[in-house]
Amino acid sequence: MVSAAERAAEVARQVRDPEMPMLTLADLGVLRDVEVRGGEEVVVSITPTYTGCPAMATMRDDLVHRLRAAGFDRVEVRIVLDPPWTSDWITERGRAALREAGLSAPGPAPRRTGPIPLTLGPARSAPACPRCGSAATRLTSEFGATACKALYRCTGCQEPFEHVKEI
Amino acid sequence: MNDEYAGDSSQWAFGTGFEDPLAGVDTTVPPGVDPAELAAYCLMLGDDALVMAQRLSEWCSRAPDLEEDIALANMALDLLGQARLLLSRAAAADPGVVPALPEGSPVPAEDALAFFRDAERFRNVRLAEVENGDFAHVVVRLLLFSVARLALLERLRASPDQVLAAVAAKGVKEITYHRDWAGRWFLTLAQGTEESRRRLEAALDALWPYQAELVAPHTGFGVDPATLRDEVDVVLDQVLAVSGVERPDRPPLSGTGRDGAHTAALASLLAEMQVVARAHPSGRW
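This structure is a prediction, so every number in the text was calculated from the model and none was measured. (Residues numbered from 1 in each chain as written. Chains lettered and ligands numbered in written order. Predicted model: local features only at pLDDT ≥ 70, side-chain atom pairs only at ≥ 80, totals over all residues. Heavy atoms only, no water.)

### Some points on the domain arrangement of chain A
All names here are of chain A.
Item 1. Annotation of chain A at the domain level lists domain 1 (4–79) and domain 2 (101–110 + 122–164).
Item 2. The gap between the C-alpha centroids of domain 1 and domain 2 is 29 Å.
Item 3. Note on domain 1 versus domain 2: buried area summed over both sides is about 490 Å², and carbon and sulfur give 83% of it.
Item 4. The tally of links between domain 1 and domain 2 comes to 0 salt bridges.
Item 5. Across the contact surface, domain 1 and domain 2 share 0 residue pairs in polar contact (both at pLDDT 80 or more).
Item 6. A class-by-class count of the residues in the side of domain 1 that touches domain 2 yields 3 nonpolar, no polar and 1 charged. (Domains from an automatic or database assignment. Buried area = accessible area lost by both parts, 1.4 Å probe. Salt bridge = Lys/Arg side-chain N within 4 Å of Asp/Glu carboxyl O. Polar contact = N/O pair within 3.5 Å; in protein donor to acceptor, adjacent residues only side chain to side chain. Nonpolar A, V, L, I, M, F, W, Y, C, P; charged D, E, K, R; others polar.)

Here you go:
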């Protein structure tokens, strides 16, 4: 017999990111907690990737919608701000799914102590091309179609690709 | 679209209800913190972000190329997100800051603060509100703004208010990208053509009198921006030195947007930003 808590967690873990649907919210590291209170009320905690992420409302709606469809009538979605989301929370399965979809997965997020240095040159190491594996890639822009992605171009195969930023 | 996701209609089921950006977050004011002072501080930082976001979003479809258009829109979105959290935090700390609306109004506190205050009740620096100019102008504005904001948010990560500390910790990651973008473009324009350099220097000269306001003293709750002056100067001097551009010799403007003394540009910005909300004060969005 599967408990209500396990069932609710399983349903929540299946919900996909609205902007990068190759990832579940769990793989993206956005789903922080699923709790069942009194056997029927589900409290789901999610954290934004970026402060202005416009997908938060859709994530909330999708979670409520899926959990209700699974028989949980009372669903509350809470926002967790602390600790802030880091790209290090993207799971191995999530990284594999990104690569499969032609996106480059983030490297380790910077862990800084002391003042943050200004970077006037292309100091961040360039990711390898997710299509051909070439290390000869160039940054086009550190801002992409969603807040969490940067744009690169492979000078090997000439294809542009998106890279999930390290934060 | 991949077939695997095509049948999943929930992906597109946008809700119409209001989403509280602080839903479930503990907004209790910590002991020893004056709620009105905390609210005033959050309002100041929230208004900076909101007005900057509005000016940046005016760049949509006007940047020199698609990538920079996307970059400016991304930065506007980050700042809008920070504004929502900070205005919500201000309202939760001291509901007295929220403009009174007719009973039964569905307008949430953050929207009441954004759309139902007149210019003199905004606490943003005037650097954020001046009208957009050319591309060099937005580069200089973002450089001056993000150098000071990053220094402040870095310090606010240790704020006794847990909500402000969390907003700052997140914001630091975002503003780091904004500051790098502005610094790189500053260098590029300085070392580009005679014309790009002329425009950059003109923008720097025009905006420099607004810079001091970012590091003007603030008493009460929070990190006093005046304590960051040296740190801010070091970063600005670094960019100026690498670019070979002289620090302008222009005195700061008198008065401050922090006290509600704004330029005429803020009133016209707000007229556009607020017109729909004010025309339909009981509308649901």
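### Overview of the UniProt feature "domain: MIP18 family-like" (unreviewed entry) in chain A
Item 1. In the numbering used here, UniProt assigns the feature "domain: MIP18 family-like" (unreviewed entry) to residues 13–77 of chain A.
Item 2. Between the end C-alpha atoms of residues 13–77 of chain A the distance is 14 Å, and the span holds 31% helix and 26% strand. (UniProt positions renumbered as here; feature names shortened; annotations may be inferred. Helix = DSSP H or I, 4+ residues; strand = E, 2+ residues; numbered from the N terminus.)

### Some thoughts on the confidence of the model for chain B
Item 1. A residue-level look at chain B finds 93% of positions with pLDDT of 70 or above and a mean pLDDT of 93.
Item 2. Residue range residues 1–17 of chain B is modelled with pLDDT below 50. Its contacts to residues more than four positions away, or to other chains, number 21 contacts. (pLDDT = per-residue confidence, 0-100. Contact = heavy atoms within 4.5 Å.)

### Observations concerning the nonpolar core
Item 1. Counting residues in each nonpolar core, the largest one holds 133 residues, and the members touching the most others are Ile 46 of chain A together with Leu 72, Trp 181 and Phe 186 of chain B.
Item 2. Formed jointly, this core draws a minimum of three residues from each of two domains, domain 1 (4–79) and domain 2 (101–110 + 122–164) of chain A.
Item 3. Apart from residues no more than four positions distant in its own chain, Phe 186 of chain B is found in contact with Val 139, Val 140, Leu 143, Leu 200, Leu 204, Val 239, Leu 240, Ser 243 and Val 245 of chain B.
Item 4. Cys 129, Ala 150, Tyr 152 and Cys 154 of chain A belong to the second-largest nonpolar core, a separate cluster that totals 5 residues. (Core = buried A, V, L, I, M, F, W, Y, C linked by side-chain atoms within 4.5 Å. Buried < 20%, exposed > 50% of the residue type's maximum accessible area, 1.4 Å probe, protein only.)

### Quick notes on the sheet that holds strand S3 (residues 74–79) of chain A
All names here are of chain A.
Item 1. One open sheet accounts for 3 strands, arranged S1-S2-S3; its pairing is mixed. Sheet topology places strand S1 (31–37) and S3 at the edges, where each strand pairs with a single neighbour. The mean inter-strand angle of the sheet, taken between neighbouring strand axes irrespective of direction, is 15°.
Item 2. Judged from the 6 bridges that link them, strand S2 (residues 41–46) and S3 form a sheet pairing that is parallel. Each residue of the ladder has a partner; that of Val 44, found in S3, is Val 77.
Item 3. Against the sheet, helix H1 (residues 4–14) touches S1 and S2, its axis set at about 150° to S1.
Item 4. The sheet strands contacting helix H3 (residues 56–69) are S1, S2 and S3, and the helix crosses S3 at an angle near 155°. (Pairing = 2+ DSSP bridges. Axes fitted to C-alpha atoms, helices over the stretch in contact; angles between N-to-C directions.)

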